[in-house]
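# Fold and geometry: a report
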Amino acid sequence: MTGTVRLRGDRQPRPVRLVLAAHADEVLLPHRTTTARLTGRIHIAGRHIAGHPMAGGADGLEVTGTLEISPLARRRIHYRLEFALADDGGHSGDRCTLEGWKSVTPRRPLASMTLLPFTLTTGGEPVGHGTVRFSLATALVPFLASFRFPRREDSRPRRESPRQRPEDQRQHWAPRWKGQPGRTEVWYTTVTDPATGTGLWLHHELTAPTDGSRPVAHGWAALFPADGPVEHARFGPAPWDAHTEGFAAAGVEALAGRLRGRAGPMDWDLTETPEGAPLYTFPSWSWRHPLLPAAQILPAATARYTGTVRHGDSALTLRDASGASARIYGHGNARRWAWLHADLGGGNALEIVAAVSMRPGLDRLPPLVFLRLRKDGRTWPRGGLRTAVGWAGIGRFTARIGLPTWTVTGRAGLRRIRVDVSQPESRTLALEYTDPDGSHAVCRNSETADARILLERWWGRWRTEAEWTLDATAHAEVGSR
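A short tour of the structure in this document, coming up.

Rules and cut-offs
Residues numbered from 1 in each chain as written. Predicted model: local features only at pLDDT ≥ 70, side-chain atom pairs only at ≥ 80, totals over all residues. Heavy atoms only, no water. Helix = DSSP H or I, 4+ residues; strand = E, 2+ residues; numbered from the N terminus. Buried < 20%, exposed > 50% of the residue type's maximum accessible area, 1.4 Å probe, protein only. Contact = heavy atoms within 4.5 Å. Areas by Shrake-Rupley, 256 points an atom, 1.4 Å probe, with all protein chains shown as cover. Phe/Tyr/Trp six-rings, centres within 6.5 Å; stacked < 30°, edge-to-face > 60°. Lys NZ or Arg CZ within 6 Å of the ring centre and 35° of its normal. Patch = residues over 30% accessible without salt bridge, like charges linked within 9 Å, V, L, I, M, F, W, Y side chains within 5 Å. Salt bridge = Lys/Arg side-chain N within 4 Å of Asp/Glu carboxyl O. Pairing = 2+ DSSP bridges. Core = buried A, V, L, I, M, F, W, Y, C linked by side-chain atoms within 4.5 Å. Polar contact = N/O pair within 3.5 Å; in protein donor to acceptor, adjacent residues only side chain to side chain.

## Notes on the overall build of the protein
Along its length, the protein carries five helices and 31 strands. Taken across its 481 residues, the protein has 47% of its residues classed as buried. When contacts within the protein are restricted to residue pairs at least 6 apart in sequence, long-range pairs at least 24 apart make up 55% of them. As displayed, the protein offers around 23600 Å² of accessible surface, 52% of which is attributable to carbon and sulfur atoms.

In structure tokens, the structure reads:
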């Protein structure tokens, strides 16, 4: 909401903007009174409020408060917000209260609901008066799209759990394949060594042919040195061991918390410590109920790896190296695809899968983009299909897939994002996949790719919310047939 406020001693009103999120413990119904908790930020133009410097600068000040919504029962909307001002040293000082109410009248329903007057007080003394307006033209659609039903078990907004329980981690690593023909299941891990800049890729795959013949297990390990050629070695094909807790075949294991094995001249023994909750790149229901051509989940969206990778006479020792582990289950590879995993630091991560399906009809569509950004413990966009299908096809995210560069752009709610990925040929490894039906696809993978990520938010105009640049630390892939 935007408007103006006239502070004590001002000759002219100054612009003010409120960005709020409301969380209620019950469904909002117009015939009764609903109380909600408010969180957000207030932006007031100028440097001082009643002699106090603005503490938030361009980011504004953090506010908390309550909202009473009673359009019919009491015919009013009452709101009360509090935020801390700063003293001359920039430290938290006096608290300021913003309070107001609006009487709802059927004679002027739009104005009475969208025009909100308020009073600012500090220490019980009024320091300003103002009005903010809810814009139906620019804010109504994002406002309606933000509605969520409260959870029965806990209606409070929750951040994602920073840690996984061991039993939850094992559950996400357990095989999904139940003996059906024509399926592919993948466990893969990508790591960046902070000491040497070397990238590591461990790929474990189960393929169940469409003709009903016995499934086979195979995979590979690849090293991407910062200053040398890419090295890789394959293992398998071998009989599937049907391990209940993950991948196990040909002496290679990919289990929750442990990765070890040998492929040609390479062998590895690593421990994995997840740092965050699982991340569903596709809708979570698509992992539990495989109705889509394929689905992906990251049991460890951000993790730390410790151990040793030996290749020939050399050894790479990892100590708390950053990386991630992911799972794929489906009917085979797409017709064309692009993938990115970007560790953004501080537990933040970006995962992108953009693909053209092999299924008739879907193969004529442009790439469907599945994008999930974990930032400050929350995942955006909120809907798992939002980036792929938009709203009835409107507002889909778009991908331009190619090499050596590819791009993904899109907007959801009040945020938009642009991701530019570069995979230099000298840092890219081409490998062939075989689908359950015997057809072939080629992926071109780089564990030392470059990426630039720009996240913007609408504040009356587009402003940068966050920007990340990854030099040779992004994990990316482009595949085709």
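## Here we look at the packing of aromatic side chains
Overall, the coordinates contain 11 aromatic pairs when judged by the stated rule. Aromatic side chains phenylalanine 235 and phenylalanine 247 sit 6.2 Å apart centroid to centroid with 65 degrees between the ring planes, which places their arrangement in the edge-to-face category. One end of the pair, phenylalanine 235, is in strand E14 (residues 231-239); the other, phenylalanine 247, is in strand E15 (residues 246-249), with 12 residues separating them in the sequence. Grouping residues by exposure puts phenylalanine 235 and phenylalanine 247 together as buried. Centroid distance tryptophan 380 to phenylalanine 397: 6.2 Å. Interplanar angle 55 degrees. Geometry classified as tilted. A residue pair is termed long-range when its members are at least 10 positions apart, and tryptophan 380 in strand E25 (residues 378-380) and phenylalanine 397 in the loop between helix H5 (386-389) and strand E26 (398-400) qualify at 17 residues. You can call phenylalanine 397 buried: its relative accessible area is 0%. These aromatic residues form a ring-pair network of at least three members: Trp187, Phe235, Trp240 and Phe247. Sitting above the plane of the tryptophan 287 ring, arginine 176 keeps its charged end 5.3 Å from the centroid.

## Some points on unusual backbone geometry
Cis geometry is adopted by the peptide bond preceding proline 237, which originates at glycine 236 and carries an omega value of 5 degrees. Within the secondary structure, proline 237 is located in strand E14. Of the consecutive residues leucine 403 and proline 404, the connecting peptide bond is found in the cis state with omega at 10 degrees. Within the fold, proline 404 resides in the loop between E26 and strand E27 (405-412). In this structure, aspartate 320 is a non-glycine residue whose phi angle is positive, near 55 degrees. At aspartate 376, a position not held by glycine, the phi torsion is positive, near 55 degrees. By the element assignment, aspartate 376 lies in the loop between strand E24 (368-375) and E25.

## Re a nonpolar patch on the surface
On the surface, Trp285, Leu291, Leu385 and Val389 cluster together into a nonpolar patch covering about 340 Å² of accessible area. One can find tryptophan 285 in helix H4 (residues 284-288). With a relative accessible area of 33%, tryptophan 285 lands in the partly exposed category.

## Remarks on the pattern of salt bridges
Applying the stated criterion to the full structure yields 19 salt bridges. In this structure, aspartate 363 engages arginine 335 in a salt bridge whose closest nitrogen and oxygen atoms are separated by 3.8 Å. Pair noted here: aspartate 363 is in the loop between strand E23 (348-356) and E24 and arginine 335 is in the loop between strand E21 (314-330) and strand E22 (336-345), with a separation of 28 residues, a long-range link. Take arginine 335: its relative accessible area is 35%, and that puts it in the partly exposed class. Here the residues in one salt-bridge network are Arg80, Glu82, Arg95 and Glu99, joined through shared partners.

## Thoughts on the pairing of E21
Examined bridge by bridge, strand E11 (residues 183-192) and E21 share nine bridges and lie antiparallel to one another. Directly across from threonine 184, in E21, lies its bridge partner glycine 330. Judged from the 13 bridges that link them, strand E20 (residues 294-311) and E21 form a sheet pairing that is antiparallel. Across the sheet, residue glycine 307 finds its bridge partner in E21, namely leucine 318. Where E20 folds back on E21, the antiparallel hairpin that results is connected by two residues, among which glycine 312 adopts a positive phi of roughly 65 degrees.

## What to know about the nonpolar core
Counting 57 residues, the largest nonpolar core has Leu200, Trp201, Phe247, Leu259, Trp268 and Val309 as its most contacted members. The next biggest cluster of nonpolar side chains, apart from the first, holds 30 residues, and it includes Ile401, Val421, Ala466 and Ala474.

## Regarding the environment of histidine 341
In this structure, histidine 341 sits in strand E22. Once residues within four sequence positions are removed from consideration, histidine 341 is found in contact with Leu298, Ala301, Ala324, Ala349, Leu350, Glu351, Ala474 and His475. At 2.6 Å, the side chain of histidine 341 forms a polar contact with the side chain of glutamate 351.

## As for the side chain of histidine 475
Note that histidine 475 resides in strand E31 (residues 462-480). A relative accessible area of 3% places histidine 475 in the buried class. Within the structure, histidine 475 has its side chain in polar contact with the side chain of threonine 190 (distance 2.8 Å). A polar contact is formed between the side chain of histidine 475 and the side chain of threonine 192, at a distance of 2.8 Å. The residues touching histidine 475, leaving out its near neighbours within four places in the chain, are Thr190, Val191, Thr192, Trp339, Leu340, His341, Ser446 and Glu447.

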